[in-house]
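Structural characterization, general
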Amino acid sequence: MRARTNAATRKLLGDLAMVESGHLRLSSRLGDKHLPGPVRAEEDARSHRQFILTWVQPGLAGLMDGSVSTLAPIFATAFATHNTGTTFLVGLAASLGAGISMGFTEAASDDGEISGRGSPLKRGIASGVMTALGGLGHALPYLIPHFWTATAIAFAIVFFELWAIAWIQNKYMETPFWRASFQVVLGGALVFATGILIGSA
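Residues numbered from 1 in each chain as written. Predicted model: local features only at pLDDT ≥ 70, side-chain atom pairs only at ≥ 80, totals over all residues. Heavy atoms only, no water.

1. Notes on the overall build of the protein chain
Along the protein chain, the regular secondary structure elements total seven helices and zero strands. When its helices and strands are written in sequence order, the protein chain yields α-α-α-α-α-α-α. Here the protein chain holds 201 residues, and 34% of them are scored as buried. Sequence-distant contacts, at least 24 apart, represent 69% of the contacts inside the protein chain between residues at least 6 apart. Working note: accessible area of the protein chain is about 12000 Å², and carbon and sulfur atoms make up 70% of it. (Helix = DSSP H or I, 4+ residues; strand = E, 2+ residues; numbered from the N terminus. Buried < 20%, exposed > 50% of the residue type's maximum accessible area, 1.4 Å probe, protein only. Contact = heavy atoms within 4.5 Å. Areas by Shrake-Rupley, 256 points an atom, 1.4 Å probe, with all protein chains shown as cover.)

2. Quick word on the packing of helix 6 (residues 147–172) against helix 7 (residues 177–200)
Two packed helices can be described by the angle between their axes and the distance between those axes. Remark: helix 6 packs on helix 7, axes separated minimally by 8 Å, with the N-to-C direction vectors making an angle of 150°. Classified by the angle their axes make, helix 6 and helix 7 are roughly antiparallel. Between helix 6 and helix 7 lies a crossing whose hand is right-handed. For the pair helix 6 and helix 7, the contacting residues are Phe155, Leu162, Trp163, Ile165, Ala166, Trp167, Gln169 and Asn170 in the first and Phe177, Ala180, Ser181, Val184, Val185, Gly188, Phe192 and Ile196 in the second. Across the contact of helix 6 with helix 7, the residue classes break down as twelve nonpolar, four polar and no charged. (Axes fitted to C-alpha atoms, helices over the stretch in contact; angles between N-to-C directions. Parallel < 35°, antiparallel > 145°, perpendicular 65-115°, else oblique. Left-handed = near helix turned anticlockwise from the far one by under 90°. Nonpolar A, V, L, I, M, F, W, Y, C, P; charged D, E, K, R; others polar.)

3. A word on the side chain of arginine 117
Along the chain, the position of arginine 117 falls in the loop between helix 4 (84–109) and helix 5 (120–139). Within the structure, the side chain of arginine 117 is placed 2.9 Å from the side chain of glutamate 106, a separation counted as a polar contact. Among all residues touching arginine 117, those that are not within four sequence positions of it are Gln50, Leu53, Thr54, Gln57, Pro58, Glu106, Asp110, Gly112 and Arg123. (Polar contact = N/O pair within 3.5 Å; in protein donor to acceptor, adjacent residues only side chain to side chain.)

4. With respect to the pattern of salt bridges
Applying the stated rule across the entire model yields three salt bridges. When the shortest N-O distance is used, the salt bridge between arginine 123 and glutamate 106 registers 2.8 Å. Of this pair, arginine 123 sits in helix 5 while glutamate 106 sits in helix 4, and the two are 17 residues apart along the sequence. Of the residues examined, arginine 123 reaches a relative accessible area of 0% and is grouped as buried. Aspartate 110 is the salt-bridge partner of arginine 117, the closest N and O atoms lying 3.6 Å from each other. Residue aspartate 110 is classed as buried on the basis of its relative accessible area of 15%. One connected set of salt bridges, linked through shared partners, spans Glu106, Asp110, Arg117 and Arg123. (Salt bridge = Lys/Arg side-chain N within 4 Å of Asp/Glu carboxyl O.)

5. A look at a nonpolar patch on the surface
A contiguous nonpolar patch, built from Phe51, Trp55, Leu121, Ile125, Val129 and Leu133 and spanning about 570 Å² of accessible area, is present on the exposed surface. Among the secondary structure elements, those contributing two or more residues to the nonpolar patch are helix 2 (37–69) and helix 5. Ranked by residues supplied to the nonpolar patch, first place goes to helix 5 with four residues. (Patch = residues over 30% accessible without salt bridge, like charges linked within 9 Å, V, L, I, M, F, W, Y side chains within 5 Å.)

6. A word on the side chain of serine 181
Its place among the elements puts serine 181 in helix 7. For serine 181, a relative accessible area of 7% translates into the label buried. If near-sequence neighbours (up to four positions away) are discounted, serine 181 is found in contact with Trp163, Ala166 and Leu186.

7. Description of helix 7
The terminal C-alpha atoms of helix 7, which comprises 24 residues, lie 33 Å apart, in line with the 34 Å expected from a rise of 1.5 Å per residue. Residues of helix 7 that are buried include every one of Ala180, Ser181, Val184, Gly188, Phe192, Gly195, Ile196 and Gly199, and no others. (Expected span 1.5 Å × (residues − 1).)

8. What about unusual backbone geometry?
One can expect most non-glycine residues to show negative phi and most peptide bonds to be in trans. A positive phi angle, near 55°, is found at histidine 82, a position not held by glycine. Take histidine 82: its relative accessible area is 42%, and that puts it in the partly exposed class. The backbone of glutamate 174 sits at a positive phi, close to 60°, despite the residue not being glycine. By secondary structure assignment, the location of glutamate 174 is in the loop between helix 6 and helix 7.

What follows is the structure in structure tokens.
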């Protein structure tokens, strides 16, 4: 008796889910058909702006911080020790530490209610993950035992990271590409040079 009751309940829940799914599809079709063009465009613009504020802006800030701020400790260690294993450990610690710090800072700095920047959890994840990835990009090559091979690959990755940041700024933040490139490359070059000079001293 209980088995028949459970089977009937599962069938009822499945039927309700199918009906609800049909309602959602119908609602979407009616909205696409009857929503005026200007209203739809305004909603699309609002959704795009929210995506920028919640995901792109915190992620971009994290990528910039992770890519640039970790240059000095990683390359200072590399040129001070010429030891790829030690350099990788320093880079790993700097990247993950910066990611955790940036994630918590972003999430705690603004609850999103007044500014409209969206969920602090989503912003914190975007910022923290991108910060860690930005640093790990040029730390991972030091898993290669040969120092100069690892360093050459790390140099190439840094170049790619900086240009990727400039591209994102241009595409999503509408920053002129030449200005974004100049700012990012100049800042990265200064931090990069600082790490090498300190490590070589």
